[in-house]
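Residues per chain, in single letters:
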Amino acid sequence: MKKFIAILAGVFFTLIFTMPTSAETLKAEGGSAAGLSALVPQLLSKYAADQHEIRVNVDQTLTRSALKVATGAIDLASTPAGAFARMEKGVGPYKQLGEEAIEASKNVRSLFAFLGGHVHVITAEDSGITTWDDLRDKRVFVGPPAGSFSAQTIGLIRTITGMEANEDYEAIKLAWGAANQAFEDGKFDVFMRSGTMGSAAVDQFGSAKKFRILGIPEDTIGTPAWEKYLSTPGYAADLLPAGTYSNQVNNDQDLLASAYVMFVSVHKDMSDDIAYELTKAMFENLDDAHSVNAGLTPLTLENAFVSLGAPLHPGAIRYYEEVGVAIPEGLHASQ
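Here we summarise the structure given alongside this text. Everything numeric in this text was worked out from a predicted model, so none of it was measured. (Residues numbered from 1 in each chain as written. Predicted model: local features only at pLDDT ≥ 70, side-chain atom pairs only at ≥ 80, totals over all residues. Heavy atoms only, no water.)

1. Some thoughts on unusual backbone geometry
Item 1. Phi at Asp59 is positive, roughly 60°, even though this residue is not glycine.
Item 2. Tracing the backbone through its elements, the reader meets Asp59 in the loop between strand S2 (53-57) and helix H3 (62-71).
Item 3. In this structure, Asn166 is a non-glycine residue whose phi angle is positive, near 65°.
Item 4. Along the polypeptide, Asn166 turns up in the loop between helix H6 (149-161) and strand S6 (170-173). (Helix = DSSP H or I, 4+ residues; strand = E, 2+ residues; numbered from the N terminus.)

2. Some points on the pattern of salt bridges
Item 1. Under the criterion given, the structure shown has 11 salt bridges.
Item 2. The residue Arg158 makes a salt bridge to Glu164 at a minimum N-O spacing of 3.1 Å.
Item 3. According to the relative accessible area criterion, Arg158 is partly exposed, its value standing at 38%.
Item 4. By relative accessible area, which is 27% here, Glu164 ends up partly exposed.
Item 5. Measuring nitrogen to oxygen at the nearest pair gives 4.0 Å for the salt bridge that ties Glu284 to Lys280.
Item 6. Assessed through its relative accessible area of 53%, Glu284 is described here as exposed.
Item 7. In this structure Lys280 comes out as partly exposed when scored by relative accessible area, which is 26%. (Salt bridge = Lys/Arg side-chain N within 4 Å of Asp/Glu carboxyl O. Buried < 20%, exposed > 50% of the residue type's maximum accessible area, 1.4 Å probe, protein only.)

3. Some words on the pairing of strand S1 (residues 25-29)
Item 1. When S1 meets S2, the two strands line up parallel, connected through five bridges. Residue pairing in the sheet places Thr25 in a bridge with Glu53 of S2.
Item 2. You can see the chain leave S1, run along helix H2 (residues 36-47) and come back into S2, and the turn it takes is right-handed.
Item 3. In the sheet, S1 pairs with strand S3 (residues 76-80) via two bridges, with the strands oriented parallel. Counterpart to Glu29 in the pairing with S3 is Ala77. (Pairing = 2+ DSSP bridges. Right-handed = clockwise from strand over helix to strand, strands pointing away.)

Okay, here's the thing in structure tokens:
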């Protein structure tokens, strides 16, 4: 953790006055090569190729990428909405930067939001776990030791059941690679796993033994606790349609799942024309994007602002106004 904070601090203090100077070549970063946080900037690189060359670096730590956008070291990045909310407050991974992180966050602008993935609540068919109440006294993998995923999953369990981690169930935290193997070895009962809709990696868990996915219970939806959960920056909900996973024992049901939101972030000093062209390129190629990965089907003009906390870039606003999309209150930058 100290090493990570040192890296963030180094990025801030050495790059705060550095802005990319090329209008033709843009630097972009994304997360895991297998996820949507990498795919979205890669698709932008393809769709905007006639106007700009976009060099995409993937498998990056996105909290660091957000800071690099804020300080002008790169031009754009996939940014977790929750991470940006923490940057605005100088907390979490930005805690030791404090006011410097808060000031840097004022340089961030957004183009559009997209679902980064879903929380898959997975348990083996023969586990005896068929409802959320069955999590009591069980071993539940909630996420890696670092990052915000475990906070989301622990909050989700609390919202639905009222159970507290390490009081009503054992909350297990491991690195993703170790967690995958541990679940296959039966080391815990429930696997709260992130993943894009239809992920082959998720379906692979059922290659030897079918699994069940727990959806959000109907009696939770619309409750004050659920509305409070969804009001957390970066949290959302989305449908996992019946038949999404062939190895899922209850794949005859549509399931509502918790999801997490990301957005394409850019620096406020990006030219209006470039921000406009990037935004237009994505939305004029939605049919192709949806065909590339089913996880991108929620990305539409109607959903472009879901859980979006960073102000829109004026160039993006120009595009939305051009196609008749109303800009939500609060997404215009103050300066």
